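Structural overview
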Amino acid sequence: MRSPESDVSLSLEDVSVEFHIYNSVGRSLKKQLVRASTGGRISADSGHVVVQALKSLNLSLRHGDRLGLVGHNGAGKTTLLRVMAGVYEPTSGAVTAHGRVTPLFDVGLGIDPEATGYENIYLRGALLGMRRREIDAVKDEIADFTELGDYLDVPVRTYSSGMTLRLAFAVSTCMSPDILLMDEFLAVGDAHFIHRAEERLNRMVSRAGIMVLASHSRELIERLCNRAIWMEAGQIRAEGPTDDVLRSYAAAN
């Protein structure tokens, strides 16, 4: 069930995230940072590496906000999305979300290869916070969208990677989220499927109360977002209307 529009909000108060990487002997710093998949500042202390992924971020979003995150790889955009989604706990500070949060940066999460397509609809839906009766209401629509037909009755391990992605995408985009979080704009499947997937994703974005999108595409940020944040080294370098932030970011790069 969706929250009333007036209640949908997302805020960060003085949020910082640090990752401590131990057992560094015999492994390069580069390999450790690739595993961590984070940006920000790096320091060494007592024989281990500390990655300051986010530092003292403050942010407030309300219904109708469409926020674009821009910045180089390693700037902290993905870490910020994961903190908003509750995947990462802040080292300090607080994240407060009112409304159902739907992250779309790992659509394949929760897919069981030994379960059938129909069983995975329920597994993935439950992982997204949907109640069984909510999944019941959209199961047939999901099945039609995947175009997988009788394959939905057999284990997913028999699927190609494209078929699995279709199933996961269809489930992930079946709801009307209060707060939608995306890392880049998804394009899945073959040419025939991509157009339908983009239309479906655009509808989902339009239904969301709040959307946060990290992307390297200026055109996409301009088209979908009314606010933007330029991130650098785990901090907010600039924040404001989309055009103003993108202009500042382009001038500096």
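Above: the structure in question.
The following paragraphs examine the structure supplied in this document. (Residues numbered from 1 in each chain as written. Predicted model: local features only at pLDDT ≥ 70, side-chain atom pairs only at ≥ 80, totals over all residues. Heavy atoms only, no water.)

1. Looking at the packing of aromatic side chains
So the rule is basically this: Centres within 6.5 Å are what make two rings of Phe, Tyr or Trp a pair, Trp counting through its six-membered ring; a difference in plane orientation under 30 degrees is then read as stacked, over 60 as edge-to-face, and the rest as tilted. Counting from the N terminus, the helices are the DSSP runs of H or I reaching at least four residues and the strands are the DSSP runs of E reaching at least two. Note on classification: 1.4 Å probe, protein chains only; a residue is buried when its accessible area is under 20% of the maximum for its type, exposed when over 50%, partly exposed between these limits. Whether a charge sits over a ring depends on NZ of Lys or CZ of Arg being within 6 Å of the ring centre and within 35 degrees of the ring normal.
For the coordinates displayed, the defined rule picks out six aromatic pairs. Arranged with centres 5.1 Å apart and planes meeting at 75°, the rings of Phe19 and Tyr88 form a pair that is edge-to-face. Of the two residues, Phe19 is situated in strand E1 (residues 9-21) and Tyr88 in the loop between helix H2 (77-85) and strand E5 (92-98); the sequence distance between them amounts to 69 residues. Each member of the pair Phe19 and Tyr88 is classed as buried. Between Trp230 and Tyr249 the ring centres are 5.4 Å apart and the planes differ by 70°, which places this aromatic pair in the edge-to-face class. Placement of Trp230 in strand E9 (residues 227-232) and of Tyr249 in helix H8 (residues 242-252) is noted, with a sequence separation of 19 residues between them. In this pair, the class of Trp230 matches that of Tyr249, namely buried. Here the basic side chain of Lys139 rests over the ring of Tyr118, its NZ or CZ set 5.8 Å away from the ring centre. Lying over the aromatic face of Phe145, Arg200 brings its terminal NZ or CZ to 4.2 Å of the ring centre.

2. Digging into the packing of helix H4 (residues 132-146) against helix H5 (residues 161-172)
What counts is decided by this rule: The angle between two axes is taken between their N-to-C directions and runs from 0 to 180 degrees, where each axis is a line fitted to C-alpha atoms and a helix contributes only its stretch in contact. Roughly parallel refers to an angle under 35 degrees, roughly antiparallel to one over 145, roughly perpendicular to one between 65 and 115, and oblique to any angle outside these ranges. Handedness of each helix crossing follows the sense of rotation of the near helix against the far helix: counterclockwise by less than a right angle gives left-handed, clockwise gives right-handed. Two residues form a contact once any of their heavy atoms are found within 4.5 Å. Think of it as three bins: nonpolar holds Ala, Val, Leu, Ile, Met, Phe, Trp, Tyr, Cys and Pro, charged holds Asp, Glu, Lys and Arg, and polar takes everything else, Gly as well.
Contact geometry for H4 and H5: axes closest at 9 Å, N-to-C directions at 140°. One element, H4, and the other, H5, form an angle in the oblique class. Handedness of the crossing formed by H4 with H5: right-handed. Every residue of H5 that contacts H4 at Ile142, Phe145 and Thr146 is listed here: Arg166, Leu167, Phe169, Ala170 and Val171. Of the residues in the contact of H4 with H5, the class split is six nonpolar, one polar and one charged.

3. Focus on the pairing of strand E4 (residues 66-70)
As a reminder, the rule being used: Strands pair, by our definition, only if DSSP identifies at least two bridges between them.
Most of E4 sits inside the fold, with five of its five residues counted as buried. Burial of the side chains of E4 extends over both faces: Arg66, Gly68 and Val70 are buried on one face and Leu67 and Leu69 on the other. The pairing of E4 with strand E8 (residues 210-214) spans four bridges and is classified as parallel. When the bridges of E8 are listed, Leu69 appears paired with Ala214. Note that E4 and E9 share four bridges and pair parallel.

4. Considerations on the pairing of strand E10 (residues 235-241)
Relative to E10, E9 runs antiparallel, the two being bridged by six bridges. Paired with Trp230 across the two strands is Ala238, which belongs to E10. Counted along the chain from E9 to the antiparallel partner E10, the turn is two residues long, and its residue Ala233 has a positive phi close to 55°.

5. Observations regarding unusual backbone geometry
Positive phi is not limited to glycine here, since Asp14 has a value of about 50°. Following the sequence through the fold, Asp14 ends up in strand E1. Assessed through its relative accessible area of 38%, Asp14 is described here as partly exposed.

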